[in-house]
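Listed here are the chains, written in short residue letters.
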Amino acid sequence: KMQVKTTGIILHQIRYTDSSNIVSIYTRKFGRMSYFVRGASKKKSACRPALLQPLSVVEIEAVHSPKRTIHTLREMRVALPFYEIPFDQVKIALALFIAEILHKTLKHSENDEELYIFIENSIRELDACKDGLGNFHLVFMTQLSHYLGFAPNMDNPDQAEYFDLMNGIFIHQPPSHIHFLKPDITNALKKLTTLDYQNLNTMKLSRNERSELLDKLIEYYQLHLPDFFPVASLDILHKLWE
């Protein structure tokens, strides 16, 4: 057994017994790990329910057992206080969606310092975001694809009218399969690849364009990650911008 301390990001939790939950945390030192949290709903617990909200950034002290897949959490504290996410319905929905995307993509328990920093920084930006919130999750998914190894190939996007989702490339003619973006959505994707969290509001999308772009990004992930199952929080996001 080993006593450990690290920061981490709450991805997901499930009820295990009446008095304990299993919480999935993407940690800075160890990658994705699962922990038993006992008495999460009790006042004297090592962990208050508010700490277990999706995307909470926490400091944890835990005991890791080499032969176990679920470890024991000793203590948990806030590492990054939120000012807006818990009190803003749109940001709550975006946090749920992003946490679900991460839960589905970060399957392995190995640390990746650059990826951890990117995710934690994205959470800070979401909490502070004032303008262009409707584009936040689109930029997040586009940037995350770089860290996951299937970012759109930007070698010759200028004249290309279509984006081939299977091969991740911009092309001049529609491919022979059905997984591609039409010209208007291809143009939106080109613009998306130039955005960061500082200039989110420079891309104007209609409700339909935003919905289609999100659905196509999900399809892109499904094509490149074999066990990327349907996203439960997708409907909530579509309803947000109706």
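Up top is the structure these notes are about.
My aim in this report is to walk through the structure given alongside it, one point at a time. Just so you know, these numbers come straight off a predicted model, no measurement behind them.

**Digging into helix α1 (residues 89-105)**
Okay, step 1: Counted at 1.5 Å a residue, the expected span for α1 with its 17 residues is 24 Å, and the 25 Å between its end C-alpha atoms agrees.
Okay, step 2: Within α1, 13 of the 17 residues are buried, leaving the element largely enclosed by the surrounding structure.
Okay, step 3: The backbone nitrogen of V90 lies 2.9 Å from a side-chain oxygen of the residue at the head of α1, namely D88.

**Observations regarding unusual backbone geometry**
Okay, step 1: Non-glycine residue L55 carries a positive phi angle of around 75 degrees.
Okay, step 2: Checked against the element boundaries, L55 lands in the loop between β3 (31-38) and β4 (57-64).
Okay, step 3: Classification of L55 by relative accessible area gives buried; the value is 1%.

**A closer look at the packing of aromatic side chains**
Okay, step 1: For the coordinates displayed, the defined rule picks out 11 aromatic pairs.
Okay, step 2: With 5.5 Å between their ring centres and 75 degrees between their planes, F150 and Y220 make a pair best called edge-to-face. Linking F150 in the loop between α3 (136-148) and β6 (162-164) with Y220 in helix α5 (residues 207-224), this pair joins segments that are 70 residues apart in sequence.
Okay, step 3: You can call F150 buried: its relative accessible area is 7%.
Okay, step 4: Ring geometry for F150 versus Y221: centroids 5.1 Å apart, planes at 85 degrees, classification edge-to-face. One end of the pair, F150, is in the loop between α3 and β6; the other, Y221, is in helix α5, with 71 residues separating them in the sequence.
Okay, step 5: Through successive ring pairs, a cluster of aromatic residues spans F150, F163, F170, Y220, Y221 and F228.
Okay, step 6: Above the ring of F36, the side-chain terminus of R38 is found at 5.4 Å from the ring centroid.

Thresholds, definitions, all that
Residues numbered from 1 in each chain as written. Predicted model: local features only at pLDDT ≥ 70, side-chain atom pairs only at ≥ 80, totals over all residues. Heavy atoms only, no water. Helix = DSSP H or I, 4+ residues; strand = E, 2+ residues; numbered from the N terminus. Expected span 1.5 Å × (residues − 1). Buried < 20%, exposed > 50% of the residue type's maximum accessible area, 1.4 Å probe, protein only. Polar contact = N/O pair within 3.5 Å; in protein donor to acceptor, adjacent residues only side chain to side chain. Phe/Tyr/Trp six-rings, centres within 6.5 Å; stacked < 30°, edge-to-face > 60°. Lys NZ or Arg CZ within 6 Å of the ring centre and 35° of its normal.

Function cannot be read off these values alone, since they describe shape.
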